[in-house]
Each structure stands twice: as structure tokens, then as C-alpha cells.
Amino acid sequence: MPADAVASARAADTGDAGAGDAGARGWLQRHLSKLVVAPSFAAALIFFYGFILWTVIISLTGSRMLPSYEIVGFENYVNIWRLSRWETAVENLFLFGVLFMGLSMALGCLLAVLLDQRIRAEGALRTIYLYPMAISYIVTGTAWKWLLDPGIGLEKAMHDLGWTGFAFNWINDPDMAIYTIVLAAVWQASGFVMAMVLAALRGVDDEIIKAAWLDGASLANIYRRIIIPTIRPVFLSAFVILMHLAIKTFDLVMALTAAGPGTATSVPATFMYDMAFQRDRLDFAATSAVMMLATVAAIIVPYLYSEIRSGKRG
Amino acid sequence: MAHLEVRNVRKSFGDTHVLKGISLDLAGGEFLVLLGPSGCGKSTLLNMIAGLDSITDGEIVIDGRVVNAVHPKNRDIAMVFQSYALYPNMTVKKNIAFGLEMRGVPADERARLIAKTSALLQIDHLLDRKPAQLSGGQRQRVAMGRALVRDPKIFLFDEPLSNLDAKLRVDMRTEIKKLHGRLGTTIVYVTHDQIEAMTLATQIAVMRGGVIEQLAPPQDVYETPANMYVGGFVGSPPMNFVPATVVDQGNGLGVRFRCAANGGDGDVVLPLADPAAAAQWKDREVVFGLRPEALTDYNEAEASIREHAHAFDCRVDVLEPTGADTLTYVELGGSTAIARVNPRRTTRPGDTMRLMADMSHASLFDPSTERRI
Ligand SMILES: Nc1ncnc2c1ncn2[C@@H]1O[C@H](COP(=O)(O)OP(=O)(O)OP(=O)(O)O)[C@@H](O)[C@H]1O
Ligand SMILES: [Mg+2]
């Protein structure tokens, strides 16, 4: 009996395959890949682009706590600039963004160049510098909040050691609190920049550097004239990644200063959250969200475009 | 035209001893080829001469001055790398100019030198391209241009032709030779291609495992190899090695080995051209070395002119036609030997043919030390 069953199964099989091209199975085979990606495609369409569209529409309405659909035009985009809160947020973002990107890049490059000198224990050091990137911003923010809290952190430790004149209370100072966010963010991201730059430095052919030595170039000239121009694409990638991280910064601020003291450290993302869930101004929340999206897009789209184009050429 | 001396130089990476005491003395204008298999330390030695690698022990002397502690840029050496090592972000012109610029050569002088060098190497039309837009041969020329333009005391070449196709390689080989003829600069050139070594060198250093096995002019390396390794490494096909015994022969000495011929197995004795050298080896085992072109088909006219040509019969195992000659494999003394035979005088495999050995080109080696006797 089993032999019979096998034989008939095989017959059925071949029969199917023979008719397969025209039948349902052939259709399935041709469209299987499309079917598999369809749910995630649909989800992306609805939840990303659908809600982007929805947010744009809301930003054009006079919604308060709940969405309403009476269009008021671009009024919100004008009025939002009258809010001192938004002004603070934009100023902070600008200050934070410039410092965060500048310092992360500088520190990351410095670490990479130092690690590139073939030092001992490079593997361990590399991991240590890279680890912060693996931690969520909430954890980074909380840890730095404790470290910077004058009552329990660095200041207290210094006082306990006997240096009673030591004062470090930036986190409670409305003028300085934004710099504590820069500090924590740089601590988190510079290891990542280091890893990217180090990989790129390692990609530069050893013989090119030897040739430059023989050509009489100093170490500074080798970096300036040969290595850095060679690895420029990596700087661009790192820059774009840092930039969009900066614009989207939210959780770090919430965990570290909760946008305080007062509203001193608010950034567009915290502004948006505040407007949507605390101040019942969905219209301003949507407006700020659209403006952030537009800023990120203004950076990423040209970058992706140039990447795709160079990919095609390559 | 610099005089380069390497005195007992050693190099270790931790416990691995890469160079085990290298000594060279190279007069100005010589073309030294470092020849050896992969991993024998050729690049390491070159890097040490250039100053790109530290020296574990020993001295490198250029024109009478010990340069161990001299920075590479102050040694006045230019190097062409195997990967060409062109600066990818610069145009050909900038690549060539970079060394001049770093040395503070004024711009108009730079332009003049670039024009001269690029004309010499026929790369004038490529000056505004980036290295990625060049072919392998063009990159090779640019790399040479970068070295030439500085007019250094010594040129170092690290396998500059190994990335080129066979035809281009032959062309570039000739050009490098011409260039050396014209410039007369001292050159150290690394390769593992022994034809390149033979054609270019005025001196060959055959290296193995971090030591120099022989340092001599190419013809000497070819004809009187210092040991079996050199004999086997230089020449294509390599030297034949026949286990043999030194015996009395007439009023001199000869080498005796077994050889199958005419359906039987017999002994062949070939008289030595220089019996005095082998006097101590009488009745002892030796390795008898003979280049394939010294083992040819028998030719009465030639045999009568050449004093040391001797004929014997031998069974042919395999034939490999190459066009100019047919490589004929025979068994001598239990090991395979190759004869270069005129294609019109071959026999079929299995048949016996009459061969002629030119004993004036024979070498004898000590079987235990493998050194030349
Ligand atoms: N940094 C290093 N640490 C340890 N061993 C090394 C190092 N650099 C080279 N070696 C060893 O030194 C030996 C010689 O290397 P070298 O590059 O000089 O060889 P080569 O003769 O140039 O070979 P090739 O013809 O393949 O270029 C090799 O066995 C290599 O493994
Ligand atoms: Mg090498």
C-alpha cells in the first residue's frame, strides 16, 4: 500500500507540474515574493505615509485636543513662531545640533586616529568606546541625570573627597542645562563615529601611506591631503546620521532634564509631545512635526539621491 | 648612482624571524633583483631599505652613511609598489607632483619636471584623470612617474609588473631596462618571476626563508648555481638533478647513473669536464645537475666540435612540444630529467633515442648539504 500511495502522489505531482505554468500554482510561484512583502508594504503605506499625510492635514486645521477638519491654511505655521516655547526649542536644537555633531565628529575622529596607531588592547578599547551606542537614550539620560545631580553625583563625590569648593550644577541652571544634554549625547554617539571612521581608516591601503612617507609628507599632511579626502564619504554618512539623530532627540531630553529646568531645554520633539498631550494643541504639535520631518527630509533626500546615483555609476 | 650596503640585517616580528642576516654590497648604478618564492622576506627587506620598517639588527648604509635612524623622506629613495599605491583622491598630475610639493619644489619647476617625466613615460594625455579611470598598465606608468620625477638616489621596485597581463609585462620589462640604461640609477627590484630577474638584473640575489642563497650576476646564477635550491628555482624548466656516483673514467673522473635504454637497464658514465674539482668525491654519491638545454638530441657535427659533449642512449617517457623545442622527459638515476630536443628529431614515447650531454655545463652537488661541489 505505501508504495502505491507514493506512486499516486508522484503521479499527482507530475500532473500538477505539467499544468503548473498556467494554473494557480504557477501564478502563486510568480507572485509569491510580492505576496510576502505585501502586508509590510501595506503597513508602511498606511502607518508611515498615511499618518504623515494625516499629520500634514491636521497641521492645516484648527484642531485642539481632538482632531477637527476645518482647514485654516498655513496659519499655524505663522503662529507657531509667536510662541516663545517654540523659539526656545528651535534655538536649543540649533545649539545642541551644532555642538553635538561637531563634538561627536571631532572626538570620534580623534579616537579613531589614536586607535589606528596599532596600539595594544585595541579590540577592548574599541568595544568600550562603542558600547554607549548600544544603550538606549533613556538609560543614558537617567545615568547622566544621577551623575550630574549635585546632591548625589559628581559634585557630592568631590565634596566627600574633601574638595568642598567644587561646584557643578549645570543640570539645574537654565542657561547651562542644554550643555548637559550635549555632554550625554556626545558620550553616546562619539564611539559610533569612531567605529565608522576607524573602519574607513583601515580601508586605506597601507602602501599608499608608505608611498606618502617616501614622498616626504609629514603625518599631518598624510592625514590632511590623503587619508581624509579618501574617506570623505564616511564623514558624509556619519554627518547625516548624527544630524537626523539630533533633530529627533526626544528620549534623552525627557530622561535627563524633562525639558527643564522650566522649559529651558525643550527641543522641537519635546515641544511636539507637550503640545499634543499636555496643552491640547494638536494643531501646533502637527505643525512642529511636519517642520521636523521637512528638515530631516531636506538633509536625507539629497544624500540618498547622491548615494543611489553613485551606486548606479559604481 | 648611490652605493648601497646592507650589513647583516635581521628582522623579527616577535618570535618569527623573517630575515636572518642579509648582507649585500651594491655598487652605484647596479640593478639588483631580489628573487625568491612568496613569503621569503623580499618586501620586508625592501621596506627596511626604504625605512618603512624598523631594523631588528644590522645596518643599512647608503653612500657610506648608516641610515638606520634616518627618516624615509630623508633617504632620497623612491619606491614603486605592487599595488601602485596611487593617491586615489588626486589626479595623475597631482600624484606625480605630490612628492615635489612636499619637498618644497617651486610650482614652475614642478610643472617642468612633470612635463618631462610624463613625456618620458607617455602619460601626458592622462594627467587630468583620477587613478580609478586608468588601466592597470597606465597606473603602473603613473607609479613609475611618481618615483622618477624626484630623481632619487635609489629606486626600489616591489613586484611592479605582477598585476599586468603577460604581454604588457614583457613590454614594461623592456621599458624598465631601457630606463635603467638611460638613468643609471641604483635599483633594487623584487620579483618572483625568474625571467624578469634574468632579463633585468646586473646582480641577482636568490632568497629563501630570510637568507640569500646566492648573490651573483644572472649568468653566473644560471650556470653555476650555489646550491640545488638555486638551480631548481632559476631556469624554466629547472635544472635536472640526477643522483649519481663519481667513478674513474679513462684518465679522469666521470659520473655514473642508471638509465633504461633499448629494452634493458644499464649504467651510463659521463666524463667530467673538470675532474680536479671532484677529486675528493671519488666513489661517493653526488647529485649531478644539468640544464635541460645541455641535454639535447645527438648531433654528430655538434658532438665533434664540442669537446665535452658525450652521447648516450635513453628511453623517452613523455614528450611536451613547446614550439621551438620539444621537452623530452627521460628517467636518469631514478629521477625525472628533461631534455630540450629539436622537434624534428623526436621519437615516440617508449622508444630509445640518442641524447647528448654537454658536460662543460654540468654541476655537482653534495647530496647532504645540497651545496655546489
Ligand atoms: N607584521 C608582520 N608580523 C609577522 N610576520 C610578518 C609580518 N609581516 C610579514 N611577516 C612575515 O614575513 C615573511 C616575509 O614577508 P614578505 O612580505 O617580506 O614576503 P615576500 O617575500 O615579499 O612575499 P611575496 O612575494 O608574497 O610578496 C612572511 O612569512 C610573512 O608572513
Ligand atoms: Mg612582497
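Cut-offs applied
- Residues numbered from 1 in each chain as written.
- Chains lettered and ligands numbered in written order.
- Predicted model: local features only at pLDDT ≥ 70, side-chain atom pairs only at ≥ 80, totals over all residues.
- Heavy atoms only, no water.
- Helix = DSSP H or I, 4+ residues; strand = E, 2+ residues; numbered from the N terminus.
- Buried < 20%, exposed > 50% of the residue type's maximum accessible area, 1.4 Å probe, protein only.
- Areas by Shrake-Rupley, 256 points an atom, 1.4 Å probe, with all protein chains shown as cover.
- Lys, Arg positive; Asp, Glu negative; His and termini not counted.
- Charge placed at Lys NZ, Arg CZ, Asp CG, Glu CD.
- Near = heavy atom within 4 Å.
- Polar contact = N/O pair within 3.5 Å; in protein donor to acceptor, adjacent residues only side chain to side chain.
- Salt bridge = Lys/Arg side-chain N within 4 Å of Asp/Glu carboxyl O.
- Pairing = 2+ DSSP bridges.
- Axes fitted to C-alpha atoms, helices over the stretch in contact; angles between N-to-C directions.
- Contact = heavy atoms within 4.5 Å.
- Domains from an automatic or database assignment.
- Buried area = accessible area lost by both parts, 1.4 Å probe.
- Parallel < 35°, antiparallel > 145°, perpendicular 65-115°, else oblique.
- Left-handed = near helix turned anticlockwise from the far one by under 90°.
- Nonpolar A, V, L, I, M, F, W, Y, C, P; charged D, E, K, R; others polar.
- Phe/Tyr/Trp six-rings, centres within 6.5 Å; stacked < 30°, edge-to-face > 60°.
- Lys NZ or Arg CZ within 6 Å of the ring centre and 35° of its normal.
- Core = buried A, V, L, I, M, F, W, Y, C linked by side-chain atoms within 4.5 Å.

> Explain the overall build of chain B here, please?
When helices and strands are tallied, chain B shows 9 helices and 20 strands. Within chain B, the proportion of its 373 residues that are buried is 51%. Just so you have it, chain B exposes about 16,300 Å², and 48% of that area is on carbon and sulfur atoms. Side-chain charges of chain B comprise 42 positive and 45 negative groups, with the mean position of each set lying 8 Å from the other.

> I keep staring at the site of ligand 1 and nothing clicks. Help me out?
Residues and elements named next belong to chain B. Around ligand 1, the neighbouring residues are Phe13, Val18, Ser38, Gly39, Cys40, Gly41, Lys42, Ser43, Thr44, Glu159 and His192. Measuring from an oxygen atom of ligand 1, one finds a backbone N or O atom of Cys40 at 3.2 Å. Contact between ligand 1 and Glu159: an oxygen atom at 3.0 Å from a side-chain N or O atom of the residue. Summarising the interface, the protein chains cover 57% of the accessible area of ligand 1, which totals 640 Å² for the free molecule. Residue contributions to the shell around ligand 1 peak at 3 residues, all from helix H1 (residues 42-50).

> Is there a simple way to explain the pattern of salt bridges in this structure?
It is possible for side chains bearing opposite charge to pair when their charged atoms get close. Residues and elements named next belong to chain B. Inspection of the entire model under this criterion finds 33 salt bridges over all chains. For the salt bridge of Glu5 with Arg7, the shortest nitrogen-to-oxygen distance reads 3.0 Å. On the accessibility criterion, Glu5 (17% relative accessible area) is buried. Owing to a relative accessible area of 35%, Arg7 belongs among the partly exposed residues under this scheme.

> Looking at this structure, I do not really get the sheet that holds strand S10 (residues 211-216) of chain B. What am I missing?
Hydrogen bonding along the main chain pairs the strands of a sheet, whether they run parallel or antiparallel. Residues and elements named next belong to chain B. If you trace the 6 strands from one edge of the open sheet to the other, you get S6-S7-S8-S3-S9-S10, paired in mixed fashion. For this open sheet the edge positions go to strand S6 (77-80) and S10, each flanked by a neighbour on one side alone. When the angles between neighbouring strand axes are averaged without regard to direction, this sheet yields 15°. Relative to strand S9 (residues 203-208), strand S3 (residues 31-35) runs parallel, the two being bridged by 4 bridges. What sits directly across from Val33, in S9, is Ile204. Packing against the sheet, H1 makes contact with S3, S6, strand S7 (154-158), strand S8 (186-191) and S9, and its axis sits at approximately 155° to S7.

> Help me understand the side chain of Ser104(A), please; the structure alone is not making it clear to me.
Among the secondary structure elements, Ser104(A) is positioned in helix H4 (residues 84-115). Discounting residues that sit within four places of it in the chain, Ser104(A) has contacts with Leu99(A), Val186(A), Ala189(A), Ser190(A), Val193(A) and Leu242(A).

> What am I meant to see in the domain arrangement of chain B here?
Quite often, the size of an interface is put as the accessible area lost when its parts meet. All names here are of chain B. You can read the domains of chain B as domain 1 (4-233) and domain 2 (240-365). The C-alpha-based centres of domain 1 and domain 2 are spaced at 40 Å. Every contact between the two is made by 8 residues of domain 1 and, on the other side, 6 residues of domain 2. Considering only the side of domain 1, the residues that lose the most area to domain 2 are Tyr222, Glu223 and Met228, jointly responsible for 69% of the buried surface there. Connecting domain 1 to domain 2 are 0 salt bridges.

> Explain the packing of helix H2 (residues 92-102) of chain B against helix H3 (residues 107-121) of chain B here, please?
Geometry of a packed helix pair, given as the angle between the helix axes and the separation of the axes. Residue and element names in this part refer to chain B. Where H2 meets H3, the closest approach of the two axes is 10 Å, and the angle between their N-to-C directions is 130°. When the interaxial angle is binned, H2 and H3 end up oblique. In terms of crossing hand, the pair formed by H2 and H3 is right-handed. Listed contacts from H3 to Lys93, Ile96, Ala97, Leu100 and Glu101 of H2 are Arg110, Leu113 and Ile114. When grouped by side-chain class, the residues that make up the contact of H2 with H3 number 5 nonpolar, no polar and 3 charged.

> Looking at this structure, how should I read the packing of aromatic side chains?
For any pair of aromatic rings, the description rests on two quantities: the centre-to-centre distance and the angle between the ring planes. A complete count under the given rule lists 21 aromatic pairs over all chains for this structure. When the centroid spacing of 6.3 Å and the interplanar angle of 80° are considered together, the rings of Phe48(A) and Tyr49(A) count as edge-to-face. Here Phe48(A) and Tyr49(A) have matching classes, each one exposed. Aromatic ring contacts, followed pair by pair, group Phe31(B), Phe155(B), Phe157(B) and Tyr189(B) into a single cluster. Note that Arg146(B) overlies the ring of Tyr87(B), its terminal NZ or CZ placed 4.7 Å from the centroid.

> I'm lost on the nonpolar core in this one. Help?
Nonpolar side chains in soluble globular proteins generally cluster together in the buried interior. Core analysis: the largest hydrophobic core is formed by 94 residues, its most contacted members being Phe100(A), Leu34(B), Leu45(B) and Leu156(B). In terms of residue count, the dominant contributor to this core is helix H8 (residues 177-203) of chain A (14 residues).

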